[in-house]
Each structure stands twice: as C-alpha cells, then as structure tokens.
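Tertiary structure, described
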Amino acid sequence: MEITRKKFLTAVGGAGALSLALAACGGNSTSSSTGSNGKVDGTGKTLTVLFSTKPQYPQEQQAWFKKTADKFKQETGATLQWETFPTANDEMTRIQTSVVSGTGPDVYGLGTTFTPTAYSTGAFVKLGDAEWNMIGGKDKFVPASLGISGPDDKNQIGIPFVSRPFVMAYNTELLQNAGIDKPATTWDEFSEHGKKLTSGDQFGLAIAYKDNFDPWKFIWGMSIQAGNKLIDGKSVKIDDPTVKKAYETYFGWLTNDHSVDPASVGWGNAQALAAFAAGKAAYFPMTSPLSIPTLDKSAVKGKYKYALMPMIPPGATSRPPNGVEAASILSGDNLVVADYSKQKDLAFAFIKMITEKDAQSDYYSIFGELPTNADAAKALNNDPMVAPALESAAKSVATPFSGAWGDVQLALTNVAVQSIPDLAAGSVSDSDLSSRLKDAQSKSQAALDRAK
Amino acid sequence: MSIEATRKNRRTAPGRSAGDGPSRKSRKRKGVTERNRPLWLLAPGGLLMTLVILIPLALGIYMSVIDLDQYTLRKWLSTPFIGVENFIEAITKTELLRAIWISVSFAIISTVVTVPLGVAAAVVTQNAYRGRAVVRAVFLIPYVLPSFVVATVWKTMLQPDGIVNTVLHNVGIEGGLWLNGPQSYWTLILVEIWAAWPFIYLLALAGLQSVDHEVHEAAALDGALWWRKLRYVIFPYLKGPVSLAFLLGTLNHINNFTLPFVLFGAPAPADVNVLPILVYVTSFQSFRFGLSAAMAVVSLILILIPLFIYLRAVKLDVHEDGVKK
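Here's a quick rundown of the structure. Treat the numbers as computed from the prediction; the structure is a model and nothing was measured. (Residues numbered from 1 in each chain as written. Chains lettered and ligands numbered in written order. Predicted model: local features only at pLDDT ≥ 70, side-chain atom pairs only at ≥ 80, totals over all residues. Heavy atoms only, no water.)

Moving on to the interface of chain B and chain A. In this assembly, 44 residues from chain B lie in contact with 46 residues from chain A. For the chain B and chain A pair, buried surface summed over both sides reaches about 3700 Å², with 60% attributable to carbon and sulfur atoms. Contact with chain A buries surface across chain B, with Y71(B), R74(B) and P267(B) losing the most and accounting together for 19% of the total. The interface formed by chain B and chain A contains 4 salt bridges. Note that R74(B) is salt-bridged to D339(A), the shortest N-O span being 2.9 Å. Where chain B touches chain A, the interface holds 12 residue pairs in polar contact (both at pLDDT 80 or more). Of all the secondary structure elements, the ones that give two or more residues to the side of chain B that touches chain A are α3 (43-63) and α14 (275-284) of chain B. With 7 residues, the top contributor of residues to the side of chain B that touches chain A is α3(B). (Contact = heavy atoms within 4.5 Å. Buried area = accessible area lost by both parts, 1.4 Å probe. Salt bridge = Lys/Arg side-chain N within 4 Å of Asp/Glu carboxyl O. Polar contact = N/O pair within 3.5 Å; in protein donor to acceptor, adjacent residues only side chain to side chain. Helix = DSSP H or I, 4+ residues; strand = E, 2+ residues; numbered from the N terminus.)

This next bit is on helix α12 (residues 226-255) of chain B. Residues and elements named next belong to chain B. Its 30 residues place the ends of α12 only 38 Å apart at the C-alpha level, less than the 44 Å of an ideal helix rising 1.5 Å per residue. Along α12, the largest kink reaches about 50° and is centred on F235; proline P236 follows within four residues of it. For α12, every residue scored as buried is listed here: L230, I234, L238, V242, A245, L247, G249, T250, L251, H253 and I254. Elements that come into contact with the buried residues of α12 comprise α5 (96-124), α10 (183-209), α11 (213-221), α14 and α15 (289-314). (Expected span 1.5 Å × (residues − 1). Bend = angle between axes of the 7 residues up to and from the residue. Buried < 20%, exposed > 50% of the residue type's maximum accessible area, 1.4 Å probe, protein only.)

Each regular strand shows side chains that alternate between the opposite faces of the sheet. Residue and element names in this part refer to chain A. Among the 5 residues in strand β3 (residues 107-111), 4 count as buried, and that is most of the element. Here 2 bridges tie strand β1 (residues 46-52) to β3, and the two strands are oriented parallel to one another. Counterpart to L50 in the pairing with β3 is Y108. By the bridge criterion, 5 bridges tie β3 to strand β12 (residues 332-337) in an arrangement that is antiparallel. Each residue of the ladder has a partner; that of G111, found in β12, is D333. (Pairing = 2+ DSSP bridges.)

On to the packing of aromatic side chains. This model, assessed by the stated rule, comprises 44 aromatic pairs over all chains. Aromatic side chains W64(A) and Y363(A) sit 4.9 Å apart centroid to centroid with 75° between the ring planes, which places their arrangement in the edge-to-face category. Separated by 299 residues along the polypeptide, W64(A) in helix α2 (residues 58-76) and Y363(A) in helix α13 (residues 357-367) bring together distant segments of the chain. Pair check on accessibility: W64(A) and Y363(A) agree, each one buried. Here the aromatic rings of Y143(B) and F199(B) are separated by 6.3 Å at their centres, their planes lie at 20°, and the arrangement is stacked. Highlighted residues: Y143(B) in helix α7 (residues 141-144) and F199(B) in helix α10, separated in sequence by 56 residues. Ring-pair connections join several aromatic residues into one group, and the members of that group are F51(A), Y57(A), W64(A), F65(A), F72(A), W82(A), F161(A), F350(A), Y363(A) and F367(A). We note K54(A) situated over the ring of F367(A); from NZ or CZ to the ring centre the distance is 5.5 Å. The ring of Y232(B) has R231(B) sitting right over it, with the charged end atom 4.9 Å from the ring centre. (Phe/Tyr/Trp six-rings, centres within 6.5 Å; stacked < 30°, edge-to-face > 60°. Lys NZ or Arg CZ within 6 Å of the ring centre and 35° of its normal.)

See below:
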C-alpha cells in the first residue's frame, strides 16, 4: 500500500514539476515588428487592446468599441479585440500575468499615476523618434500631457490619450449672495471664502476626507506650490514643514473654520459631489468636467461654474520663487505598447488613429473626457464650461516619476485615514499629526531606497 | 467509534501481511483489496489538485524567499534569492503581528457569537409549524447576499450622518464614528456576525436532521422536558457538525477580504487593518510581491494550526468502512 501511494505521489509530483517547467519556459517572445513604409497592412492579424470599463456609460462604450474596431479594420485590415478591466486591481493582475508570461494585450490604457509603476517593470516599449513618427509626432499633443510619459524626454513609454484635469466647482448664486465676485485664487482666500459662505446647514466647502485618493492630491498640490516636490532625487520630503502646513490647512477647514459638513469625515468624492449638487456647499474642489452630467441634473443646474483651484500655497499671498504653478496633478489615461507584442506597427497605427483630432473630439462628445490632441483641445476652448479645465490641463504638473510614488501616495492618504477619528472629534493634535507624518516619511523613504 | 476502528485495524494488520490463501479469498469476496486498489483513478483529481493548489502554493512559497517587486517582476526567474529576509521584514518592519492579532481576535469573537445564534436558529426551525419555510428562507438571506452587497449596505447605514446614527440620536445616544477609529473594530465584528451566522445555522440544522426519530420518542417516553432533552439528547448529536462549523467559521472570518475592504477601504484604519487587507496593500499598492507572499505564508501557517488540531481530533482519515477493506 505504501509503495503504491508513493508511486502515485511521485507520478503526480512529476507531472506538476513538468507543467511548472513548461509554464516557466513559455515566456519571452521575439519582437518581430515589420518596418513597413506608409500604411500598415494588418490583414489577418488581431490586435488586442485592454481598456478600463466605464460603468457610467456601458452602452456608449460598447458602441465606441465597435465603431473604432470597424474603422481600424477599414484602415489596416486587422481585427481589433477589446478587453476590459473593472478596477485598478484587476488591471494590475492583468499586467502582472502578462509581464510574467510574456503574452497578453498589445496595447494597454493606463491611469497616468500608474505609468511610473508600469515603467519600472520595463515591460513596455520605449518611444524613440521612429515610434513617435508612427503615431503622428509628439507635436500633435498638448505639451503638458506628455509630462508623465516617462522619467525624461528620452525615456518615454506613455502616449497621452485623454486628460482629466482637476478643477473646482463653485455655486455662482451662493458666491454672489455672499458678495464674492470671483472664486478664490489663493488657499488662504479659499479658507476665508469657506468661512464666509457657511451658515446654518449650508457649508462653504465640500471636502471628501474619507476618499481613497483625494487627500494626497490636495497635499501634493499645496506642497509643490510651496516648492516641495515630495520626492527630490534620493530623498522623500514628507517631513518638510510645507507638508505639515498643507495638512493643517486641509484639516483646518473642518476643525478650525467649521466650513465643512462634519459628516464629510465619512465622504468619498461622490458624496462630496452630491452635497454640492444639492446646493449644500458653495465650493467643491478636486472635481473635473466629468461631473457635468450629474450637476446638470441637479438642484444647481445653471448655477455652477468651474475654476482653477488656487495655486498660491497656504500662508502665502504669492508663490515663493521655487514654487510650481500647479493647477492639478497630471491626470488622465496613457496608452502603452507591450514589449512582447509581435505587432507593434499595428499597435502604433491604432494609437495614431485614436489620437487624431476628429477621433479625440468624438471621444470627448461621448464621454466628456478632454482631448490630449492639441487641435481637438483648442477647438473646445470656446466652451466656457470646459475652458477652465483646459487651462488646468495646460497647467497640470506630473507627480514624481518614480516607482516609489505609489507608496508615497499611499502614505499621504494614510495620514488622512488615520486622522479621521481626530477630525470627527474636532481637532488633530500637533503631536499626532507629526508622528503620522514621521511614519509616512519613513515608509516612503524605505520604498524610494528600493527604487531601481 | 474511531478508536475502536483503529484497534480493529491493528488486529487485522498481521493477518494481512502474512498473505495466506483463505484470508485473501475472504477479502476478495468483499470487493477490491487494499493492495490492488485502482489508485490510478485518483490521477485526474490529483492532477487538478496539483495544478490548482500545489503549484500555486509552491510558487507562493518560492515568492516569499525572493526579492520580487515591480522592478524584478519581469525577470522573476532570476530574481535574487534572499532567504528569510522577507519574513524578518514582515515581522519586524510591518504591521503584520498587529494585523494577525486583529484578525485572530476578530475571527474568534465573531465565531463565539455566531455559534449560539446559529444553533438557536436551527433549534427554532427544527419542528414543523405554520410558516416555518418562510422563517428558514428569511434566515438564509444574509448567507445568500454577496459580501460586497452586505458591506456596501452597512457602509451606507453607518455613515456619520447615516440611518444608524440618526436613529440612535433620536433615542438620545450619540453613535459616533463607526467606520474609523476604535469603534470600527466592533463594526467589523457586528457586520461579520450578521453575515456569517446562517452558515452555522445551516450546519447545525444538518446535524439536527441526523437525530434519529427514535431518540425523540425515547426522550418523550422518559418524560424529558425541553431543556434536559436539548442538553442531554440533542446537543451531543450536534457536537460534530458544530465543531466543524466553529473551525470553518473562524477560518472564513480570518480570510474575509471583501467585507473589510468594502467597509473601510484601503489603506484601512489602523484598528481594522486585518491580515488580508495588509497583504493586499503590500501586493497591489506597494507592489512588494515577495514581502506579501511571506505574509501570506505566515497567515497560512496560522490557519493550519487550528485545522491540524481539528483533523487530529476527528481523525477524518480513519473511517470504519475503510478499515474493513
């Protein structure tokens, strides 16, 4: 009996080892893009593209997928196969498996802040002059949108596809009633307006303290405006006074000024938007024109506008000499081409097609995401609703291009998350904030030390 | 019963090894002998188990001893071997130990509360009465709702200005913050209990179904009142199913990712930074795959301990029928 069982185990174990070895060998493809002149002929080939799903516009997205595939077939003869991922986690899993196995989608649509991580895997095509020419040249894009394509001009992987710059929405009626003739341009003025606009159950500001992303965007923005990029070469600068000042300002809207609804300690961005849409808040910073459909169906329809968020750091009346004029993080989607792809020419032909002026204008009209194509963006300038967003896109600044950025972002958000009980209780003590910042600093520095 | 079975096994063993004619014949009559059992029939299942469990497990353990992160992911086969460094880092430099403490205490509290609830619910629906089917169906609602839905609904109700705090406020109690701070730990337990007790209920119900009809009759003839009957007649029958439910329930609580993730988000508040969330954040937000694999291995060991104790206790591998053949 023992022998039989042993034999059995050996046989099964052997099969396992074999399949393991096979899995390990099945990687590395040979890059075999054919350098063709003029139009790329993709007859009989299939190009696979991975995009994120748009839960707000499922049918529109399917229609766009089909339309784009038809056009691609017409232009190149190749079939376009779409794959989608619902969350950033699924996206990461797809990228991981593709990177490890060397097979998978040819083109990926990535969030801009995810581009440094993708870059650090080394699994995507670096864009040289030849590649840029294949997609119609760098010049066709809004210059700022290229800011997070790579660590420098010579090492870029991301081709900007859409832009989602952050702006603030404000309630024109409430501002007018309070005698404020134009939206705030410094963070101090913004805080003052917040106080002035608060009375009864109506609040000056709608802030999503519990959001998983918003907090770090505020802190990064205020810090860089004060001259602190958070990652400076080999060191992380979260323990800098500018960062502390930023948190104090951000928390202070609730704890000192009381110009934010106390319930906002439980809000994500969507709930802050809902409060603004209900006319309960005068300012809603950290939103984008994607909120237009919601706001146009709400109580504030026709009574709201967008403006750039303040670009003068807290505690100052003008930007310090080393401060950066940053209106927003560089936000949107980049397209990257997998290094293992056997049809890179087709991939670039596809990217060229969807970044052309008409395609980008069309995409904007369906989904409300701003074009990165310079001509298409210019055409939208006449729309007063969108103009501030376009200006914000032009004044967007890339977050540090480092594989450690994910950890910095996480640490900054974590400071806000762990401070929420204090926020709810009415004050965040100086010592608690300092110790949280110290923790964030050491974790982020450790991540940066590992960066290769 | 199992001890008896083991004794039988020992008694038959010498005769088997002698391999004399008559005894072999007698075994043949009973069916397939132990010696020539068609073990190859296990091959498809074995292969599947290898592919689905053993290879990923081996890969996970391998990952835990290499320096795998976003920078080395692409060349993972040549990633530097760093031995136990990931484990040392996990234990000394991360919140792993605290996360283990939170996970284990939360799991045990949840189980300790759900077991009596589940057993009581099973007893209540044991005897037939009008509307029993409806009650049974209602009891299963938390069990059939996806975790994601449960967590989303609770999250909405427990907002600072949500319905729970509004109701509490109306009766003069300030609910405070449910989804962050020290209270969030109890929120997690509360929601887990709400979602998990029907599992215990199901297993307890299965146990009650196995009580022979004669036992009920005998108890009735002896004039046992409901509590004595429950305590001395029915509960002994439930010991097996309920201890299994206790074990599986605890393991499910420790492994539950969806509930804390949806309720509290990531990064999680320090009081509910449970093991699955910590592993998730380390993997997918910090991209330290090696480190998170080490954490997963530690949690696997953690889970194996009660499992091992349980398997030893019930001796699942020694079965009465198995011994005879």
